[in-house]
Amino acid sequence: MKSISEISALIKNADITDLEAILEEYGSDERSGVVKAVQSGRKRIEALENEKKRIYALSEYERKYADFGLICGIDEVGRGPLAGPVVAGAVILPKDCDILYINDSKQVPEKMREKLYDEIKSKAVACAVGHASPQRIDEINILQATYEAMREAIKNLGVEPDILLNDAVNIPGVDIKQVPIIKGDAKSISIGAASIYAKVTRDREMQEYDAMYPEYGFAKHVGYGTAAHIAAIKEYGPCPIHRRSFIGKFI
């Protein structure tokens, strides 16, 4: 007979596809440690089923527009920061997408975002980003720069979508059917995937800028206007990636 610690480790480390059979095997073991391990395993299965239900609900718009061949989610990251680019993501997921844990990128922990970025990149029909630099933002304003980044992301897909599901906006200058969805990154799996793809891309770029301009702490705040960031701007002045139109009151 296996010890309690052996069974507990087996259940804890089991692949979710094997877990049900393992729990069935040890479900009648009355030792308290095994009972707790089995209960923990049951909670894992329940959590997975709940996540599958959540993802199904998150795919409501994709089901609604299923008659369109290529459904592309569009979202942006970085409209608010004082420094760095605005980055738009465009993602076309397969019709039978099985990626779990997609959500608004702000609701997903960093490690999970990194994992999902790789999974999205691997499984998507197509995915791409578009950028608008700080200089471009200053030149044409943040809203127009965001639209420009979105158009670039669509162009960079390499295929033309049949419909765009956008987070809240209608993108000017795009001759593809568009569906703006308020808070779409939390309501559409395609927009959520685009949000994560753009967020990870931009965060990685801000890590690179941190190495170039370490005095500003870009790795921590990714350009947003934290107290430490504002203090650094006042002390050192702006660097080349600061948005001059955003920091006028600090310099």
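The structure we're discussing is the one just above.
Each chain has its residues counted from 1, following the order in which its sequence is written. Per-residue local features are limited, in this predicted model, to residues with pLDDT of at least 70; the limit for side-chain atom pairs, both in listing and counting, is 80 or more; totals at the level of whole chains, interfaces and linings are taken over all residues. Here the side-chain values reflect all heavy atoms present in the structure, with hydrogen atoms and water set aside.

**Digging into the nonpolar core**
Here comes step 1: Grouped together as the largest cluster of nonpolar side chains are 24 residues, with contacts concentrated most on Val-91, Leu-93, Ile-102, Leu-116, Ile-120, Ile-196 and Tyr-197.
Here comes step 2: Helical segments are the DSSP runs of H or I of at least four residues, strand segments are the runs of E of at least two, and each set is numbered from the N terminus. Sorting elements by how many residues they give to this core places helix H8 (residues 189–212) first, with 7 residues.
Here comes step 3: Contacts were defined at the residue level, with two residues in contact if any of their heavy atoms lie within 4.5 Å. When near neighbours in sequence (up to four residues on either side) are disregarded, Ile-120 contacts Val-91, Ile-99, Ile-102, Cys-127, Ala-193, Ile-196 and Tyr-197.
Here comes step 4: Among the nonpolar cores identified, the runner-up in size contains 23 residues, and Cys-72, Ile-142, Tyr-147 and Leu-164 belong to it. The criterion is simple. A nonpolar core is a set of buried Ala, Val, Leu, Ile, Met, Phe, Trp, Tyr and Cys residues joined through side-chain atoms within 4.5 Å. For every residue, the accessible area obtained with a 1.4 Å probe (protein chains only) is divided by the maximum for its type, and the residue is called buried under 20%, exposed over 50%, and partly exposed between those limits.

**Points about the sheet that holds strand S1 (residues 71–77)**
Here comes step 1: Here the rule is simple: two strands pair whenever DSSP picks up at least two bridges between them. Pairing is mixed across the open sheet formed by 5 strands, whose spatial order is S3-S2-S1-S4-S5. Each end of this open sheet is capped by a strand with a single partner; those strands are strand S3 (126–132) and strand S5 (177–181). The average angle at which neighbouring strand axes cross in this sheet is 20 degrees, direction not considered.
Here comes step 2: Across 4 bridges, S1 lies against strand S4 (residues 163–167) in parallel orientation. Opposite Gly-73, over in S4, you have Leu-165 as the bridge partner.
Here comes step 3: As a rule, the C-alpha atoms of each element are fitted with a line to give its axis, helices using only the stretch in contact, and angles between N-to-C directions run from 0 to 180 degrees. Sitting on the sheet, H8 touches S1, strand S2 (86–92), S3, S4 and S5, and the angle it makes with S1 is about 40 degrees.

**Thoughts on the packing of helix H5 (residues 110–123) against H8**
Here comes step 1: At their nearest, the axes of H5 and H8 sit 9 Å apart, and the two run at 115 degrees to each other. Two packed elements cross with a definite hand, and for H5 against H8 that hand is left-handed. On the side of H5, the interface is formed by Arg-113, Glu-114, Leu-116, Tyr-117, Asp-118, Ile-120 and Lys-121, while H8 contributes Ala-193, Ile-196, Tyr-197, Lys-199, Val-200, Thr-201, Asp-203 and Arg-204.
Here comes step 2: Polar here means any residue outside two lists: the nonpolar Ala, Val, Leu, Ile, Met, Phe, Trp, Tyr, Cys and Pro, and the charged Asp, Glu, Lys and Arg; Gly therefore counts as polar. Within the contact of H5 with H8, the residues separate by chemical class into 7 nonpolar, 1 polar and 7 charged. Definitions for this section: a left-handed crossing has its near helix turned counterclockwise from the far helix by less than a right angle. A right-handed crossing has that turn clockwise.

**Details of the packing of helix H2 (residues 16–26) against helix H3 (residues 32–58)**
Here comes step 1: Two numbers describe how H2 lies on H3: the axes approach to 10 Å, and their chain directions differ by 145 degrees. The handedness of the crossing between H2 and H3 is left-handed. Across the interface between the two elements, Ile-16, Leu-19, Glu-20, Leu-23, Glu-24 and Tyr-26 from H2 touch Val-34, Val-38, Gly-41, Arg-42, Arg-44, Ile-45 and Leu-48 from H3.
Here comes step 2: Considering only residue class, the contact of H2 with H3 consists of 8 nonpolar, 1 polar and 4 charged.

**Brief notes about the pairing of S2**
Here comes step 1: With 7 of its 7 residues buried, S2 lies for the most part within the structure.
Here comes step 2: Of the two faces of S2, the one holding Val-86, Ala-88, Ala-90 and Ile-92 and the one holding Val-87, Gly-89 and Val-91 are both buried throughout.
Here comes step 3: Strand direction decides the pairing type here: S1 and S2, joined by 6 bridges, are antiparallel. Following the sheet pairing, Ile-74 is matched in S2 by Ala-90.
Here comes step 4: In this structure, S2 lies alongside S3, joined through 7 bridges in antiparallel fashion. Directly across from Ala-88, in S3, lies its bridge partner Gly-130.

**Side note on H8**
Here comes step 1: End to end, H8 covers 35 Å across 24 residues, agreeing with the expected 34 Å (1.5 Å per residue, within 8%).
Here comes step 2: Two to three positions downstream of the cap, the backbone nitrogen of Ser-190 sits 3.3 Å from a side-chain oxygen, assigning the N-cap of H8 to Ser-188. Given a helix with a known number of residues, its expected span is that number minus one, times 1.5 Å. As used in this structure description, the phrase polar contact means that two N or O atoms lie within 3.5 Å; if the pair is within protein, one of them must be able to donate a hydrogen and the other to accept it, and residues adjacent in sequence are counted only when both atoms belong to side chains.

**As for the state of the cysteines**
Here comes step 1: Only a pair of cysteine sulfur atoms within 2.5 Å counts as a disulfide in this structure description. Scanning the entire structure with this criterion turns up 0 disulfides.
Here comes step 2: Cysteine Cys-127 remains unbridged, with the sulfur of Cys-72 as its closest cysteine sulfur at 9.9 Å.
Here comes step 3: For Cys-127, a relative accessible area of 18% corresponds to the buried category.

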